[in-house]
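Now for the letters of each chain:
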Amino acid sequence: MASFSNLTIGIALASFTTFQLLFHVLSSWLSTRITPGFNNLSQKRKIEWNSRTVSTFHALVVGGFCLYILLYDDAVNADHLWGDPSMVQLNIAITTGYLISDLLLIIYYWKAIGDKFFVIHHLAALYAYYFVLSKGLLAYFGNFRLLAEFSTPFVNQRWFFEVLGYPKSSKANIINGVLMTVVFFVVRIGVIPMYYSRVISSFGTEGFRRLGFAAQSAWIISSVVLDIMNLMWMVKITKGCYKVICLVGQEEAKTHKNGKSN
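Conventions adopted
- Here, residues in each chain are numbered from 1, in the same order as that chain's written sequence.
- Where local features are concerned, this predicted model is filtered to residues with pLDDT of at least 70; where side-chain atom pairs are given and counted, the filter is 80 or more; whole-chain, interface and lining totals use all residues.
- The side-chain numbers reported here are obtained from all heavy atoms of the structure, hydrogens and water having been left aside.
- In this analysis, the protein atoms alone were mapped onto a 1 Å grid. Cavities are point sets where a 1.4 Å probe fits without being able to get out; pockets are open sets with protein on both sides within 12 Å along at least five of seven lines; lining residues have an atom within 4 Å of a point.
- Grid points are joined across faces, edges and corners, and a volume is the space filled by probe spheres set on the points.
- Numbered from the N terminus, helices here are DSSP runs of H or I no shorter than four residues, and strands are runs of E no shorter than two.
- In the scheme used here, Gly and all other residues not listed as nonpolar or charged are polar, with Ala, Val, Leu, Ile, Met, Phe, Trp, Tyr, Cys and Pro taken as nonpolar and Asp, Glu, Lys and Arg as charged.
- For this analysis, a nonpolar core means a set of buried residues of the types Ala, Val, Leu, Ile, Met, Phe, Trp, Tyr and Cys, connected via side-chain atoms within 4.5 Å.
- Buried, partly exposed and exposed residues are distinguished by accessible area as a fraction of the type maximum, computed with a 1.4 Å probe on protein chains only: under 20%, between the cut-offs, and over 50%, respectively.
- The contact criterion used is simple: two residues touch if any of their non-hydrogen atoms lie within 4.5 Å.
- How far a helix is expected to stretch is found by multiplying one less than its residue total by 1.5 Å.
- To get the bend at any residue, fit one axis to the seven residues that end at it and another to the seven that begin at it, then take the angle between the two axes.
- Throughout this description, a polar contact denotes any pair of N or O atoms lying within 3.5 Å of each other; where both atoms belong to protein, one of them has to be capable of donating a hydrogen while the other can accept it, and for residues adjacent in sequence the pair is counted only when both atoms sit in side chains.
- The disulfide definition used here is simple: a pair of cysteine sulfur atoms within 2.5 Å.
- Working definition: a ring pair exists when centres of Phe, Tyr or Trp rings (six-membered ring for Trp) sit within 6.5 Å. Plane angles under 30 degrees give stacked, over 60 give edge-to-face, the rest tilted.
- By definition here, charges over rings are those cases where NZ of Lys or CZ of Arg is within 6 Å of the ring centre and within 35 degrees of the ring normal.

### Some thoughts on the layout of surface pockets
Taken as a whole, the largest pocket spans an internal volume of roughly 1500 Å³. As for the largest pocket, its lining consists of 49 residues, and the residues nearest its centre are R52, F118, V155, N156 and R158. Within the residue set of the lining of the largest pocket, elements represented by two or more residues are α2 (43–72), α4 (86–108), α5 (110–113), α6 (116–135), α8 (152–163), α9 (171–190) and α12 (213–261). The biggest single contributor to the lining of the largest pocket is α12, with 11 residues. Looking at the lining of the largest pocket residue by residue, the classes come out as 21 nonpolar, 15 polar and 13 charged. Looking at the second largest pocket, its volume works out to about 290 Å³.

### A closer look at the nonpolar core
The tendency in soluble globular proteins is for nonpolar side chains to be buried side by side. By size, the foremost hydrophobic cluster in this structure holds 52 residues, and its most contacted members are F141, L211 and W219. Per-element tally for this core: the top contributor is α4, with 9 residues. Contact partners of W219, with chain neighbours within four places excluded, come to L81, L138, F141, Y195, V199, S202, F208 and L211. F38, W49, W159 and F160 belong to the second largest nonpolar core, which has 6 residues in total.

### Quick notes on α6
With 20 residues, α6 ought to run about 28 Å at 1.5 Å a step, and its terminal C-alpha atoms sit 29 Å apart, in line with that. Bending of α6 peaks at approximately 30° at the position of Y129. Among all positions of α6, only V119, H121, H122, A124, A125, L126, A128, Y129, F131, V132, L133 and S134 are buried. The N-cap of α6, judged by a side-chain oxygen 2.8 Å from the amide nitrogen of F117 a few residues on, is D115.

### Considerations on the state of the cysteines
Enumeration according to the criterion identifies 0 disulfides in this entry. Just so you know, C241 is unpaired, no disulfide at all, and the nearest cysteine sulfur is the one on C246, 9.6 Å from it. On the basis of relative accessibility, which here comes to 14%, the residue C241 falls in the buried class.

### A look at the packing of aromatic side chains
By the definition in use, this model includes 22 aromatic pairs. Note on F161 and Y166: the rings are 4.7 Å apart at their centroids and 40° apart in plane angle, and the pair reads as tilted. Looking at Y166, the relative accessible area reads 39%, which means it is partly exposed. These aromatic residues form a ring-pair network of at least three members: Y140, F141, F144, Y195, Y196, F203, F208 and W219. Its end group placed over the ring of F38, K46 keeps NZ or CZ at 5.5 Å from the ring centre. A cation sits over an aromatic face here: R210 above W82, 4.0 Å from the ring centre.

And the structure:
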């Protein structure tokens, strides 16, 4: 039987409400004052803009909290399976509120921001986080997965530059693109060996047996699904970054050639 603390439920509800408010009110209000180009976007683009603004805010909040826990929460770091989940549950409650909010928005505005991969991603994450929030299991691994959020602001910024009409060869686009590729690799792909080495090292232990089949399968299956998706996205991002670098190289070669001709 699921058992969620009142604090967990309260934070998840507050998170859900906050992110809905950001999407429907604050994002548009701030964007019109920061970026004049926002007013020129189509309604469909404005919906996605607001969605990505909320996504960036969420990533910065939970990513920072996640890193703090990994560095300073000795209780959860000492026992990867059964460590004190208190701080992690707060962070995951925030993420749960966001995921439910975003999932509902994706469904409601499907024509503008509908994406089956994001639906799968959100459902897989929620399924795994259920065990952290209701039973206090696997807090270390649940928090570890949130490291991936550090790449989100760069991915969203690439889209912002695109809809605002920044040339792909612009300095801002190139810097963001390179940072996006590097950070995405580090926090989503580069950590895979470390993550799964700690997963495997727990197999056969008393703590692992105590988890039960439901938690074990939720943990492993959701991790594999999320990392397959991360690998697919990494390939796509790398190809995009390579194309931009090649484009810049071609333009520099053309400029150099024209300079010689003159």
